[in-house]
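Below, each chain spelled out in residue letters.
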Amino acid sequence: MASNKTGMRKAKAGSAPRLGEALLSIVAVGFTLGAALIGAAVALGEAIEGIEAGEKEKLEERRAADREEVRRIIEAESGDEWQ
C-alpha cells in the first residue's frame, strides 16, 4: 500500500470548471486576435491597392504628356524641313 506523504485525502473537484473557463478564455482571445489580424491585413491590402492605383494613374498621365511632347517635337521638326 502506498503511503500518503502529502497529507491530502481527496483531490478537489473544483479544478475542472476552472480549467474549462481557462480554455474557453484562451480560445476567445485567440479568435479575437485572429479577427484583428485579418482585419489589419485587409486594411493594409486596400491601402496598398490605393497606392498602386495612384502610381498607375500618375504613370498614365506621364505617358500621355510624353506622347504629347513627342508629337509636338515631330510637328516642329517636320515643319522646319518644309520651310
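Presented here is a report on the structure given in the accompanying data block. Values in this document were obtained by computation on a predicted structure and should not be read as measured data.

**Examining the pattern of salt bridges**
With the rule as written, the count across this model stands at five salt bridges. Taking the shortest distance from any N to any O, the salt bridge between Arg62 and Asp66 comes out at 3.6 Å. Here Arg62 and its partner Asp66 are both found in helix H1 (residues 15-82), four residues apart, which amounts to about one turn of the helix. Classification of Arg62 as exposed rests on a relative accessible area of 54%. Exposure remark for Asp66: the relative accessible area of 36% places this residue in the partly exposed category. With a closest N to O distance of 2.1 Å, Glu68 and Arg71 form a salt bridge. Of this pair, Glu68 and Arg71 both sit in helix H1, three residues apart, which is roughly one turn of the helix.

**Some thoughts on a negative patch on the surface**
Residues Glu46, Glu49, Glu52 and Glu55 make up a contiguous surface patch of negative charge. Relative to the assigned elements, Glu52 resides in helix H1.

What counts, and where the lines are drawn
- Every chain begins its residue count from 1, and numbering advances along the sequence as written.
- Where local features are concerned, this predicted model is filtered to residues with pLDDT of at least 70; where side-chain atom pairs are given and counted, the filter is 80 or more; whole-chain, interface and lining totals use all residues.
- Hydrogens are left out, water is left out, and the side-chain values use all remaining heavy atoms of the structure.
- Definition used for salt bridges: Asp or Glu carboxyl oxygen within 4 Å of a side-chain nitrogen of Lys or Arg.
- Each helix is a run of H or I in the DSSP string that is no shorter than four residues. Each strand is a run of E no shorter than two, and both are numbered from the N terminus.
- Three labels apply to residues, based on accessible area from a 1.4 Å probe with only protein chains included: buried if under 20% of the type maximum, exposed if over 50%, partly exposed otherwise in between.
- Distance thresholds for patches are 9 Å for like charges and 5 Å for nonpolar side chains (Val, Leu, Ile, Met, Phe, Trp, Tyr), applied to residues having over 30% relative accessible area and no salt bridge.
- Residue exposure ignores everything except the shown protein chains as possible cover, and the areas themselves are Shrake-Rupley values with a 1.4 Å probe.
- Positive charges come from Lys and Arg alone, negative charges from Asp and Glu alone, with His and the N- and C-terminal ends not counted.
- For this purpose, a charge sits on NZ of Lys, CZ of Arg, CG of Asp or CD of Glu.

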